[in-house]
Amino acid sequence: MKKFYSSPLLALAVVAAVLLGAWLLPVGAASTDSQETPTISVNGIAKVEVVPDMAVVNFVVEATQETASQAMAEVTKGANAVVEAVKGIVKDEKNIKTSNVSVYPWYDYTEKGTELLGYRAVVQISVKSSVEDLPSIIDEAFTAGATGMSGIAYEYSKTASVMDQLIKDAMADARHKAEVALSAEHATPGKLASVQVLESSTPIWRSEASYSKDAQTMAQDINIMPGVQEVSVSVSVSYVINQ
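Bear in mind that the values here come from a model prediction, so they are computed numbers and not experimental data.

Cut-offs applied
- Within every chain, residues take consecutive numbers counted from 1 along the sequence as written.
- Per-residue local features of the predicted model are confined to residues with pLDDT of at least 70, and side-chain atom pairs are confined, for both listing and counting, to 80 or more; whole-chain, interface and lining totals are unaffected and use all residues.
- Side-chain measures were taken over the full set of non-hydrogen atoms in the model, leaving aside hydrogen atoms and water.
- Counting from the N terminus, the helices are the DSSP runs of H or I reaching at least four residues and the strands are the DSSP runs of E reaching at least two.
- Residue count minus one, scaled by 1.5 Å, sets the expected span of a helix.
- Throughout this description, buried means an accessible area under 20% of the type-specific maximum (1.4 Å probe, protein chains only), exposed means over 50%, and partly exposed covers the range between.
- By definition in these notes, contact holds between two residues if any of their heavy atoms fall within 4.5 Å.
- Criterion for a salt bridge: a side-chain nitrogen of Lys or Arg within 4 Å of a carboxyl oxygen of Asp or Glu.
- By the convention used here, strands pair only if DSSP detects at least 2 bridges between them.

(A) Examining helix α3 (residues 68–90) more closely. Counted at 1.5 Å a residue, the expected span for α3 with its 23 residues is 33 Å, and the 32 Å between its end C-alpha atoms agrees. Taken together, the buried positions of α3 are Ala-71, Val-75, Gly-78, Ala-79, Val-82, Val-83, Val-86, Ile-89 and Val-90. Where α3 is buried, its residues touch β2 (54–65), β3 (96–110), β4 (113–130) and α4 (134–144). Lys-91 sits one or two residues past α3 and shows a positive phi near 70°.

Rendered as structure tokens:
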């Protein structure tokens, strides 16, 4: 049988050759992959003012009686009357909502202590309607038995219809900013690298004033002025730089 002997010098030479080859091979590839594509990132903004065309108003019906059941019975009757009164104007019952019902003991606090006077029940009714119909709704609600009104929130129902154009305008604003920024370096924005549409702003204007007075006086005094709202969109965009 033949015997084979390994030489330490031969093994070391083989390892060195392998390592040298591994080091030499990727040099050309690494020199090309290390180059990064230059980009520029900018924000674009677009906004428009709109006149609100919808309103949400909260009516309150209250009743105080000797017992909780009596108070609830009275306030339920009044709340139902308010709902029936505004149905003819609002038409869509989905825009009428009973948002709060509560009943609690009603006390008189004196130096001698507390005296139970009875129980108070409260029902809150939210009604959404056009701004044009709001004065009539307020009049009908108070005539039917509403004892108070708390706040008006104005909304714009066609926000979705203006949003598409706002996004286009925001993108145009972003490209314009990129062009201005790069012009000093005699470069231009190229193809789109990334884009993100940021949170849009569609505020709701609220009037927190509360009213509780005779319905006829309310109808004469009320002056519905929704004002204007600003709807805005912003985008964050990155472009490849053409040099």
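(B) Fine view of the pattern of salt bridges. Counting across every chain of the model gives 5 salt bridges. We note a salt bridge from Lys-158 to Asp-53, for which the minimum N-O separation is 3.2 Å. Of the two residues, Lys-158 sits in the loop between β5 (148–155) and α5 (159–183) while Asp-53 sits in the loop between β1 (39–50) and β2, which places them 105 residues apart along the sequence. Given the relative accessible area of 45%, Lys-158 is considered partly exposed. Residues Asp-173 and Lys-177 are paired through a salt bridge, measuring 3.2 Å at the closest nitrogen-oxygen approach. A residue pair is termed a helical-turn pair when its members lie 3 or 4 positions apart in one helix, as Asp-173 and Lys-177 do in helix α5 at 4 residues. Accessibility expressed as a relative area gives 22% for Asp-173, which makes it partly exposed. Take Lys-177: its relative accessible area is 34%, and that puts it in the partly exposed class. Each of the salt bridges in this network shares a partner with another, and the network as a whole consists of Glu-84, Lys-87 and Glu-93.

(C) Layout of the environment of Val-233. Examined against the element boundaries, Val-233 turns out to sit in strand β8 (residues 229–242). The exposure class assigned to Val-233 is buried, which follows from its relative accessible area of 2%. A sequence separation of 36 residues divides Val-233 from Val-197, and the C-alpha atoms of the two residues are 7.6 Å apart. Aside from chain neighbours lying at most four places away, what touches Val-233 is Gly-44, Ile-45, Ala-46, Met-163, Leu-166, Ile-167, Ala-170, Val-197 and Ser-200.

(D) Inspection of the pairing of β5 at higher detail. Among the 8 residues that make up β5, 6 are buried, leaving the element largely enclosed by the rest of the structure. Strand direction decides the pairing type here: β2 and β5, joined by 6 bridges, are antiparallel. Following the sheet pairing, Phe-59 is matched in β5 by Met-149.

Worth remembering: the numbers are spatial, not functional.
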